[in-house]
Amino acid sequence: MNEILTQEKSIYIQIKEMVENDILRNILLEEERVPSTNELAKLYAINPATAAKGINLLVDEGILYKKRGIGMFVAEGAKKQIMEKRKRNFYNDYVKSLMAEAGSLGITKKELVDMIERSGEGVEEHE
């Protein structure tokens with residue numbers, strides 16, 4: 001969690017995304033304790049309530065869970081859940097508009113895939 005906060009979006013959303021990123025990068029593992037809201041507040045010089053708002057979003061999504069008196073922990077299956085959510089968001093935010101634009105230009109799905117593969121910029125296959 002050594003990312004820098006920006007003005008682009010709400011701080012609590014950035015805190016939420018930083019925790020998600022650390023889970024995706026295996027910095028925070030399933031069943032591992034995450035930094036407390038006070039630790040996050042001190043680290044980023046923010047209000048603890050702001051940090052708590054970001055953490056609570058992750059609790060609401062089932063990414064984190066609370067062990068009373070101990071702290072917040074990464075839930076089992078959290079990494080997979082985050083990846084699935086981000087894949088859906090990627091599709092909705094990028095692929096749909098790309099396909100719509102390609103369609104308006106008369107480019108078929110096959111032609112679009114061929115363009116991507118020829119460009120050498122294609123996504124590498126992951127297991």
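The paragraphs below set out a description of the structure included in this document. What you see is a predicted model, and the numbers here were worked out from it, not measured in a lab.

Right, let's talk about the packing of aromatic side chains for a bit. Across all of its chains, the model carries 2 aromatic pairs by this definition. Here the aromatic rings of F90 and Y94 are separated by 5.4 Å at their centres, their planes lie at 40°, and the arrangement is tilted. Linking F90 with Y94, this pair stays in helix 4 (residues 78–104), spanning 4 residues, or about one helical turn. Taking relative accessible area as the criterion, F90 reaches 48% and is therefore assigned partly exposed.

This paragraph deals with the environment of K109. When you line up the elements, K109 lands in helix 5 (residues 109–119). Distance in space between the C-alpha atoms of K109 and M99 is 7.6 Å, their sequence separation being 10 residues.

Within the secondary structure layout, K16 lies in helix 1 (residues 11–24). What makes K16 buried here is its relative accessible area of 10%. If we skip the residues at most four places from it in the chain, K16 touches G54, L57, L58, E61 and K85.

Once that is clear, we can look at the pairing of strand 1 (residues 64–67). Here strand 1 pairs with strand 2 (residues 71–74) via 4 bridges, running antiparallel. Within strand 2, the position partnered with K67 by the bridge is G71. With antiparallel pairing between neighbouring strands as the criterion, strand 1 and strand 2 make up a hairpin whose turn holds 3 residues, including G69 at a positive phi of roughly 80°.

With that out of the way, let us pick up the nonpolar core. With 19 residues, the main nonpolar core has V19, I23, I63, L64 and V74 as its most contacted residues. Of all the secondary structure elements, the ones that give two or more residues to this core are helix 1, helix 2 (37–44), helix 3 (48–60), strand 2 and helix 4. If one sorts the elements of this core by residue count, helix 1 sits on top with 4 residues.

When you line up the elements, L40 lands in helix 2. C-alpha of L40 to C-alpha of K87: the two residues are 47 residues apart in sequence and 27 Å apart in space.

Throughout the structure, instances matching the rule amount to 10 salt bridges. Notably, a salt bridge pairs K85 with E20, separated by 2.4 Å at the nearest N-O pair. Placement of K85 in helix 4 and of E20 in helix 1 is noted, with a sequence separation of 65 residues between them. For the pair shown, K85 and E20 are each scored as buried. Among the ionic pairs, D22 bridges to R25, the shortest N-O distance being 3.9 Å. For R25, a relative accessible area of 51% gives the class exposed.

For N26, which is not glycine, the phi dihedral falls at a positive 65°. With respect to the helices, strands and loops of the structure, N26 is situated in the loop between helix 1 and helix 2. Here E31, not a glycine, exhibits a phi torsion of approximately 70°, which is positive. Its location among the elements puts E31 in the loop between helix 1 and helix 2. E31 gets classed as partly exposed once you look at its relative accessible area, which sits at 40%.

Rules behind the numbers
- Residues numbered from 1 in each chain as written.
- Predicted model: local features only at pLDDT ≥ 70, side-chain atom pairs only at ≥ 80, totals over all residues.
- Heavy atoms only, no water.
- Phe/Tyr/Trp six-rings, centres within 6.5 Å; stacked < 30°, edge-to-face > 60°.
- Helix = DSSP H or I, 4+ residues; strand = E, 2+ residues; numbered from the N terminus.
- Buried < 20%, exposed > 50% of the residue type's maximum accessible area, 1.4 Å probe, protein only.
- Contact = heavy atoms within 4.5 Å.
- Pairing = 2+ DSSP bridges.
- Core = buried A, V, L, I, M, F, W, Y, C linked by side-chain atoms within 4.5 Å.
- Salt bridge = Lys/Arg side-chain N within 4 Å of Asp/Glu carboxyl O.

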